[in-house]
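Read off the chains here:
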Amino acid sequence: MMLSLFKTIDATLGRLPEAAVLLFVRIAVGHVFWASGRSKMDGWLTMRPETIDLFRDEYQLPLIPPEIAAPMAAAGEHILPVLLVLGLFTRFSALGLVVMTLVIQFLVYPDAWWTQHSLWLALLTVILWRGGGGWSLDRFVSKSGR
């Protein structure tokens, strides 16, 4: 009886459209970066003053002054997740978030590999590998361009 239940579940999950799975992956990882970007802002266009302090005092990125790094990160955390969720320039967006994740991993929070960064990279790797899927603007644009 239990084996029958497992076979039924396996067969049902095997029929999930890849497009739905990839959309879920895009939304899940996109939300992580979007929420981080929103935490840096006061409203839509004004960066919180403490955001630059965070980059100066805690993140301390080499080579990039905090006054430049903070707006760059905030912009990336707003633009790339939106493109990712829409499935527009999906692989480019995923690659940008991979770079951000690696910067965070190696220069900011090196102890967060197994708690967060490996999971983000796993999801982003799926997107890099498979693209946005059938439910993406990339797919729509590529079909309409023919």
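This section reports on the structure supplied with the text. (Residues numbered from 1 in each chain as written. Predicted model: local features only at pLDDT ≥ 70, side-chain atom pairs only at ≥ 80, totals over all residues. Heavy atoms only, no water.)

Each helix and strand counted, the protein has 7 helices and 2 strands in total. Helices and strands in the protein line up, N terminus first, as α-α-β-β-α-α-α-α-α. For 146 residues, the compact-globule formula gives about 15 Å, and the C-alpha radius of gyration of the protein, at 18 Å, lies well above that figure. Along the first, second and third principal axes, the C-alpha atoms of the protein reach 60 × 45 × 25 Å. Split into buried and exposed, the 146 residues of the protein put 34% on the buried side. Across the protein, every contact between residues at least 6 apart in sequence was considered, and the portion connecting residues at least 24 apart equals 64%. Only carbon and sulfur atoms are counted for the fraction: they give 70% of the accessible area of the protein, which is about 9,400 Å². (Helix = DSSP H or I, 4+ residues; strand = E, 2+ residues; numbered from the N terminus. Rg over C-alpha atoms; globule rule 2.2 N^0.38 Å. Buried < 20%, exposed > 50% of the residue type's maximum accessible area, 1.4 Å probe, protein only. Contact = heavy atoms within 4.5 Å. Areas by Shrake-Rupley, 256 points an atom, 1.4 Å probe, with all protein chains shown as cover.)

Right, let's talk about the packing of aromatic side chains for a bit. On inspection of all chains with the given rule, the structure shows 5 aromatic pairs. Here the aromatic rings of Trp-113 and Trp-114 are separated by 6.0 Å at their centres, their planes lie at 70°, and the arrangement is edge-to-face. Overall, Trp-113 belongs to the partly exposed group, its relative accessible area being 30%. Through a chain of ring-to-ring contacts, the aromatic side chains of Phe-55, Tyr-59 and Tyr-109 assemble into a single cluster. Sitting over the ring of Trp-129, Arg-130 keeps its end group 5.4 Å from the ring centre. (Phe/Tyr/Trp six-rings, centres within 6.5 Å; stacked < 30°, edge-to-face > 60°. Lys NZ or Arg CZ within 6 Å of the ring centre and 35° of its normal.)

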